[in-house]
Structure formats: structure tokens, C-alpha cells
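# Results of the structural survey
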Amino acid sequence: MKRVLLLGVLLLSGCGQKGFDDLKLFMDEAGKGRQPALEPMPPIKPVETTVFDAAALPDPFLLRSMKSAGGGGGRQPDMSRPRGPLEGFPLDALKMVGTLSKGGQTYALIRTPENALYRVRKGDYLGQNFGLVTAITQTGVELVESVQDGTGDWVDSKASVALQE
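Now for a quick tour of the structure. Treat the numbers as computed from the prediction; the structure is a model and nothing was measured.

## Some remarks on the side chain of Thr112
Considering the arrangement of structural elements, one finds Thr112 in the loop between β2 (105-111) and β3 (117-120). Apart from the residues within four sequence positions on either side, Thr112 is in contact with Leu86, Phe89, Ala93, Leu94 and Tyr118.

This is the structure:
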């Protein structure tokens, strides 16, 4: 036991700091008097300010006027007519599920997202853009929508609702 203790003391005595004095002195002297090279600060550019006057702009959350600004455009919809139940849904939410014929009149069966079924004929309205049904075929319902362009003129646009299988 004494031998192991003596051997441990001899080994630890070899780890003293006598051999590192010159290294410590070099490290202390190497950093003296030297300043790290710093780049100069970039000049500060003045920021242009912009005045935002929201009172002069139209409210984006109010409905846009449906009156035509110009004299041209497509078929202007009748704003005084009562809107049908299928005009509350966008066209892509409506599904044609079949057709019926009665007395020479062809009807399309349209299903809403609420799973209600409606019978539509030529001359009825579909969708939120005043879509007038112009034709009903075995494969779909064709209609003409009236939308306003950027200048406020009414533009006709063809659309369809295809038969869903």
C-alpha cells in the first residue's frame, strides 16, 4: 500500500508548473501593445420618411360601388331583383348531380355545400357573380357571369358547372 502511495506522489510531482514559466511569459508579452484592426463604421444614411394619410384612401372593408364608371362593358345586372338561394354560393362550391326533363323543359339538379338539392332551368341565376344560366346539357350547366373590371365597367365572362359523377 505504501508503494502505491509513493508511486502516486512521484507521478503527481512530475505534473508541476516549473516547465511552463517561459510559455506564460511569452503569452503575456505577445498581446501587449497590439490593438486589433477594426474597420471604420459605415456612414449612417438618412431614412426617407413617407406620410401615410389613410383618411384619403377608400376603406378596403366596405363593398365597392356596383355602378358602372364608364358607359361600356357587358350586361349590367339588375340590382333590384331579389336574389335566389343559389346566388349565395361560389360556383366552385355548387355541384351538378343530374338532369330532369318535364314538358319539353330541361332542368339541372344542383347540390349546395349544405347538401340541399335545387332544380335550375335556363334563365335562372347561379353563383355570386350574377351568373345567368344560358344552356343545360347532359354534361353541365353553361352560364354567363357579370363582373366588374378595374374601371368599374361590367364584363361578361363564360362559366360552367360540370356534372359530378
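## Comments concerning the pattern of salt bridges
Scanning the model with the defined rule gives two salt bridges in all. A salt bridge links Arg81 to Glu87; the shortest N-O distance between them is 2.7 Å. Take Arg81: its relative accessible area is 16%, and that puts it in the buried class. In this structure, the salt-bridge partner of Arg83 is Glu87, at a minimum N-O distance of 3.7 Å. Residue Glu87 is classed as buried on the basis of its relative accessible area, which comes to 3%. In the salt-bridge network here, residues are joined through shared partners; they are Arg81, Arg83 and Glu87.

## Focus: the nonpolar core
Membership of the largest hydrophobic core comes to 15 residues, with the highest contact counts inside it found for Leu91, Leu94, Ile110, Leu126, Val141, Leu143 and Val161. For Leu91, the contacting residues outside a window of four places in its chain are Leu126, Gly127, Leu143, Glu145, Ala159 and Val161.

## Details of the packing of aromatic side chains
For the structure on display, the rule yields one aromatic pair. Between Arg81 and the ring centre of Tyr125, over which it is positioned, the NZ or CZ distance is 3.6 Å. Its end group placed over the ring of Tyr107, Arg119 keeps NZ or CZ at 4.5 Å from the ring centre.

## Description of the sheet that holds strand β5 (residues 131-136)
Read from one edge to the other, the open sheet built from four strands follows the order β4-β5-β6-β7, with strand pairing classed as antiparallel. Only two strands of the sheet have a single neighbouring strand rather than two, namely β4 (125-126) and β7 (154-162). Here four bridges tie β5 to strand β6 (residues 140-148), and the two strands are oriented antiparallel to one another. The residue of β6 that forms the bridge with Ala135 is Glu142.

How each quantity is defined
- Residues numbered from 1 in each chain as written.
- Predicted model: local features only at pLDDT ≥ 70, side-chain atom pairs only at ≥ 80, totals over all residues.
- Heavy atoms only, no water.
- Helix = DSSP H or I, 4+ residues; strand = E, 2+ residues; numbered from the N terminus.
- Contact = heavy atoms within 4.5 Å.
- Salt bridge = Lys/Arg side-chain N within 4 Å of Asp/Glu carboxyl O.
- Buried < 20%, exposed > 50% of the residue type's maximum accessible area, 1.4 Å probe, protein only.
- Core = buried A, V, L, I, M, F, W, Y, C linked by side-chain atoms within 4.5 Å.
- Phe/Tyr/Trp six-rings, centres within 6.5 Å; stacked < 30°, edge-to-face > 60°.
- Lys NZ or Arg CZ within 6 Å of the ring centre and 35° of its normal.
- Pairing = 2+ DSSP bridges.

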